[in-house]
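# Summary of the model geometry
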Amino acid sequence: MAKGKKVKKKNSRQHPNQLNLKIVTSGTCLACKQQCARGLAYLERMSQPGAIGNGVPCILTKPKA
């Protein structure tokens, strides 16, 4: 019997040092004590009528190494 080829799994990260950040919604950004520029821009976009958003990566929720 012939053995199958081993398939390498492709790394889902785009860069080896990429962090896994949590996605937060506008409610979390609004209640945050340390509001960042990315979060404030997301709040501005979500305040427009009819805006649909899936959240924004939060730098303050990066895992501790």
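My aim in this report is to walk through the structure given alongside it, one point at a time. Just so it is clear, the model here is predicted, and its values are computed rather than measured. (Residues numbered from 1 in each chain as written. Predicted model: local features only at pLDDT ≥ 70, side-chain atom pairs only at ≥ 80, totals over all residues. Heavy atoms only, no water.)

### With respect to the environment of Asn54
What counts is decided by this rule: The helix and strand labels rest on DSSP assignments: H or I over at least four residues marks a helix, E over at least two residues marks a strand, and numbering proceeds from the N terminus. In what follows, a contact means two residues having at least one pair of non-hydrogen atoms within 4.5 Å.
Positionally, Asn54 belongs in the loop between α2 (37–46) and β2 (56–58). Residues Asn54 and Thr25 lie 29 residues apart in sequence; the distance between their C-alpha atoms is 7.1 Å. Sequence-distant contacts of Asn54, that is, excluding residues within four places in its chain, are made with Ile23 and Tyr42.

### Brief notes about the nonpolar core
This is how the line gets drawn: Nonpolar cores are built from buried Ala, Val, Leu, Ile, Met, Phe, Trp, Tyr and Cys residues. Side-chain atoms within 4.5 Å join them into one set. The cut-offs for exposure are 20% and 50% of the maximum accessible area for each residue type, with area from a 1.4 Å probe on protein chains only; residues under the lower value are buried, those over the upper are exposed, and the others partly exposed.
Counting six residues, the largest nonpolar core is built from Val24, Cys29, Tyr42, Leu43, Val56 and Cys58. Those elements giving two or more residues to this core turn out to be α2 and β2. Beyond its immediate stretch of four places on either side in the chain, Cys29 contacts Val24, Gln35, Gly39, Leu43 and Val56.

### Considering the layout of surface pockets
We count it as follows: In the cavity and pocket records, a cavity denotes points on a 1 Å grid over the protein atoms alone where a 1.4 Å probe fits but cannot get out, a pocket denotes an open set with protein on both sides within 12 Å along at least 5 of 7 lines, and lining residues are residues with an atom within 4 Å of a point. Grid points are joined across faces, edges and corners, and a volume is the space filled by probe spheres set on the points. Residue polarity follows a fixed list, in which Ala, Val, Leu, Ile, Met, Phe, Trp, Tyr, Cys and Pro are nonpolar, Asp, Glu, Lys and Arg are charged, and the others, Gly among them, are polar.
By volume, the largest pocket is sized at about 150 Å³. What lines the largest pocket is a set of 15 residues, and nearest its centre among them are Thr28, Cys29, Cys32, Cys58 and Leu60. Secondary-structure elements contributing two or more residues to the lining of the largest pocket are α1 (26–31), α2 and β2. Across the lining of the largest pocket, the residue classes break down as 10 nonpolar, five polar and no charged.

Just geometry here; none of it tells us what the structure is for.
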